[in-house]
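These are the residues of each chain, in order.
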Amino acid sequence: MRDVAIIGVGHTKFGRASKTSLELFSEASLQAMDDAGVVGADIEALFQGAALPGFEEGQVMPAAFSAAELNLGPIPATRYEGACASASVAIRDAAMWVSSGECDMVLAGGVEKALTMGTAFATRTFAMSCHTPTEGAVGLTFPGVFAMAARQYAKGYDMPLDSLREKMAHVSIKNHRHGALNPLAQFYKKMGNLKVEDVVNSMMVADPLTLMDCCPFSDGAAALVLCPVEDAKKYTDDPVYVLGTGQGSGSALSKMEDLTKPVSRIQSAKVAFKRARLEPKDIDMLELHDCFTIAELIALECLGFFEWGKAAEATAQGETDLGGKIPTNMSGGLIGKGHPIGATGASQVYWMVKQMRGEAAKGNQIDPVPEYGMTDTLGGDFGTLCHIILGRTKR
Amino acid sequence: MVGKEQEEIEKELSKEYVALTYADYEDGLKGGKLLGLKCAACGGITCHPMPVCQWCCDRHLEKVELSGDGEVTTFTVIRVASEGFEDDVPYIPCLVKTKEGPCVIGRLDMEVESATQEVIGTQVKLDGISTYNGDKFFSGEHVCPVFKIVG
């Protein structure tokens, strides 16, 4: 097995796109190839996260057409679907292919056009990654799932629900503040100065989660070029190393022991740490799956950055912001940057690479540049979890 | 001579791997019953149905009826529904830990104004079904259990 490096990254503007998914993915891919200084003929396989292309554009098998669109030749091109974690599992498998020796250079990333679907239909299609046989007839939505998790969190830690809501609001405030500073974010220059009242008093979506507790629907794409570590220095002075990955699968909601402690996430993160031979204390930054404010708190605890029940207060105290214990979602996260679900994992990796190169936007850049970072991506209601640990130095 | 007799292949195909189907589960609910599976190996109850025991993975499962009694472990009030559920808003999905052990998902039948945090931990009982008429992605009529607070 060979060690793997990321040598180029690309990322479209997130928000509403008039371009097709194929065009968006091409744009991100060409940026990544330019960034790496490679050409189409160098790419030996393509790994693409795309969750709902059939519903968005009536297009399945987008990976093959993406390879064709970029004129990459008749190379293997595969779509990965793990709901909102689609790109992360694509990147993880891409790294495996490079590591195995099967390929020397690959393109990996993801794309989605969810905003284009409109709220009602997008909510319907997103809910397809709930467990349909049991959750379908209930009319469960994603905000509904995380609202249930929030109530369980408050109950489990004996916290008044209003007190938890105020603490959750700090996730939205922080992520919107950083999203507003990120030129590629859906909410660039918007909502950068929210107050707790703005979050808790906005429209109720699924009690206790308001609209401002939720990430938006988004269009966008992100892509990366990966190659073996021994080749990386030929292309860049600043390769970022893939140190460890993990992946986990969950169940129907009713089979979960505790919505605030998803085993799929705990297990996946544990494997990623083990592979990277690192621990939470070694990690300098997180890009994690804040699809809802409560989701960020649950993730921080599952990954081991805070004790059970402590992430809410720690967030309110600024421990997850710049200068805090563990800067989290300095890109704006899903809440501030947007969440084109099939692209999100690649966007998380993109911003981690940018941070490690010292190229994140001012106000979002961690100083000194982070040495080690970790992504956390969640698909469905804890159905697919994936973690990627990156570093500026090899271990 | 290589190849297998058609009858032999058909016989292999006739083996049943599922003791209680989702359709059986929904039919049970329509008749006011919460159906599950009892494991011969560990004695645990699986509900909703699975081809293997949800506790120990054993495959010796027998159909049983659950009491329909349980405790609310969490819930929410949905105000923004997905397509097809607009007319139901507001509605209350809930998770109920049954007396027999497994958790089931359904809806809670109560006034939304009373659906406060104190509902978690209260005793509930199966009290009917909620019917979804399906859409082009999930065709046909589907039902889920509806629970009511006891007392």
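No experiment lies behind these values; they were computed from the predicted model shown. What you see as residue numbers is a count from 1 along each chain, following the sequence as written. Think of it this way: whatever chain is written first is A, whatever ligand is written first is 1, and the rest follow in order. It should be noted that, the model being predicted, local features are given only for residues of pLDDT at least 70 and side-chain atom pairs only at 80 or more, the latter also being counted only at that level, while totals for whole chains, interfaces and linings use all residues.

> How do you make sense of the domain arrangement of chain B when you look at a structure like this?
Size of an interface, as often reported, equals the accessible area lost when the parts are brought together. All names here are of chain B. Domain start and end points were adopted from an automatic or database domain assignment. Here the domain parsing of chain B yields domain 1 (16–66) and domain 2 (68–151). With centres defined by C-alpha atoms, the gap from domain 1 to domain 2 works out at 20 Å. With C-beta atoms placed from the backbone, a contact is any residue pair whose C-beta atoms sit within 7 Å. Each partner contributes to the interface: domain 1 provides twelve residues, whereas domain 2 provides eleven residues. Every element with two or more residues in the side of domain 1 that touches domain 2 is listed here: helix H2 (22–30), strand E1 (34–39) and strand E2 (45–46). Helix and strand definitions follow DSSP, with helices as H or I runs of at least four residues and strands as E runs of at least two, each counted in order from the N terminus. For the side of domain 1 that touches domain 2, the element with the most residues is H2, which contributes three residues. The residue makeup of the side of domain 1 that touches domain 2, split by class, is five nonpolar, five polar and two charged. Residues are grouped as follows: Ala, Val, Leu, Ile, Met, Phe, Trp, Tyr, Cys and Pro are nonpolar; Asp, Glu, Lys and Arg are charged; every other residue, Gly included, is polar.

> Before we go on, may I ask you to explain the nonpolar core in this structure?
Nonpolar side chains in soluble globular proteins generally cluster together in the buried interior. What makes a nonpolar core is a set of buried Ala, Val, Leu, Ile, Met, Phe, Trp, Tyr and Cys residues, with links drawn between C-beta atoms within 7 Å. Each residue is classed by its C-beta neighbour count within 10 Å, where at least 20 other C-beta atoms makes it buried, 12 or fewer makes it exposed, and intermediate counts make it partly exposed; the C-beta atoms are placed from backbone geometry. Among the nonpolar cores identified, the biggest contains 170 residues, and Ile91(A), Val106(A), Leu224(A) and Leu226(A) are the most heavily contacted of them. Two domains each put at least three residues into this core: domain 1 (16–66) and domain 2 (68–151) of chain B. The contact partners of Leu224(A), leaving out residues within four places of it in the chain, are Ile6(A), Gly8(A), Val9(A), Ala32(A), Ile91(A), Ala108(A), Gly109(A), Ala346(A) and Val349(A). Within the second largest apolar cluster, seven residues are counted, among which are Leu181(A), Leu184(A), Phe187(A) and Tyr188(A).

> Mind showing me how you'd approach the sheet that holds E2(B) here?
Sheet strands pair by backbone hydrogen bonding; their relative direction is either parallel or antiparallel. All names here are of chain B. Paired strands, in this sense, are two strands between which DSSP finds at least two bridges. Pairing within the open sheet is antiparallel, and its three strands lie in the order E2-E1-E3. Looking along the sheet, the strands with just one partner apiece sit at the ends: E2 and strand E3 (61–66). By the bridge criterion, six bridges tie E1 to E3 in an arrangement that is antiparallel. Pairing of Gly36 across the sheet is with Val64, part of E3.

> What is the right way to read the interface of chain B and chain A from this model?
Of the residues lining the interface, 34 residues belong to chain B; the matching set on chain A comes to 33 residues. Those elements that place two or more of their residues in the side of chain B that touches chain A are strand E4 (69–75), strand E5 (77–78), strand E6 (93–98), strand E7 (103–108), strand E8 (123–132) and strand E9 (142–149) of chain B. Looking at side-chain class alone, the side of chain B that touches chain A contains 19 nonpolar, eleven polar and four charged residues. Where strand E5 (residues 204–207) of chain A lies against E5(B), two bridges are found, and the strand directions are antiparallel.

> What is the right way to look at the packing of helix H7 (residues 142–156) of chain A against helix H8 (residues 161–179) of chain A in this model?
Between two packed helices, what matters for the description is the angle formed by their axes and the separation of those axes. Residue and element names in this part refer to chain A. Relative orientation of the contacting elements H7 and H8 amounts to 120°, with a least axis distance of 9 Å. One way to sum up the angle between H7 and H8 is to call them oblique. Crossing geometry of H7 relative to H8 is assigned as right-handed. Along the contact surface, H7 presents Ala150, Arg151, Tyr153 and Ala154, while H8 presents Leu161, Leu164 and Met168. Lines fitted to C-alpha atoms define the axes, with helix axes restricted to the stretch in contact, and inter-axis angles between N-to-C directions lie between 0 and 180 degrees. By the definition adopted for this analysis, an angle is roughly parallel if under 35 degrees, roughly antiparallel if over 145, roughly perpendicular if from 65 to 115, and oblique otherwise. Should the near helix be turned counterclockwise from the far one by less than a right angle, the crossing is left-handed, whereas a clockwise turn marks it as right-handed.

> Is there a simple way to explain H7(A) in this structure?
It helps to recall that an α-helix has 3.6 residues per turn; residues three or four apart then point in one direction. Residue and element names in this part refer to chain A. Helix span, expected: 1.5 Å multiplied by one less than the number of residues in the helix. For H7, spanning 15 residues, the distance from its first C-alpha to its last is 21 Å, which sits close to the expected 21 Å at 1.5 Å a residue. With 13 of 15 residues buried, H7 is to be regarded as a mostly interior element. Asp158 lies just past H7 and shows a positive phi near 55°.

> I'm lost on helix H3 (residues 62–69) of chain A in this one. Help?
All names here are of chain A. Among all positions of H3, only Pro62, Ala63, Ser66 and Ala67 are buried. For H3, the angular spread of the buried residues around the axis is 140°, confining them to a single face. Looking at the packing, one finds that the buried side of H3 touches helix H1 (21–36), strand E2 (45–49), helix H2 (53–57) and strand E3 (77–80). Of all possible arcs, the one meant is that of the directions from the helix axis to the C-beta atoms.

> Even after reading the chapter, I still don't get unusual backbone geometry, so can you show me in this structure?
Excluding glycine, residues mostly carry a negative phi; peptide bonds, for their part, are mostly trans. Along the chain, Asp207(A) connects to Pro208(A) via a cis peptide bond; the corresponding omega equals 15°. By secondary structure assignment, the location of Pro208(A) is in the loop between E5 and strand E6 (209–210). With an omega of -10°, the peptide bond between Val89(B) and Pro90(B) qualifies as cis. With respect to the secondary-structure elements, Pro90(B) resides in the loop between E5 and E6. Located in the positive-phi region is Met191(A), a residue other than glycine, with phi close to 55°. Mapping Met191(A) onto the fold places it in the loop between H8 and helix H9 (196–200). Despite not being glycine, Phe382(A) shows a phi value in the positive range, around 70°. Along the chain, the position of Phe382(A) falls in the loop between strand E10 (372–379) and strand E11 (384–391).

> So what exactly am I meant to see when it comes to the pairing of E6(B) here?
Along a regular strand, successive side chains alternate from one face of the sheet to the other. Residues and elements named next belong to chain B. Here E6 lies mainly inside the structure; five of its six residues are buried. Two strands pair when backbone bridges link them, and E4 and E6 are joined in this way by five bridges, in the antiparallel orientation. Counterpart to Glu71 in the pairing with E6 is Lys97. Sheet topology note: the E6/E7 ladder contains five bridges and is antiparallel. When the bridges of E7 are listed, Leu95 appears paired with Ile105. Between E6 and E7, which follow one another and run antiparallel, lie four residues, and Gly101 among them has a positive phi close to 125°.

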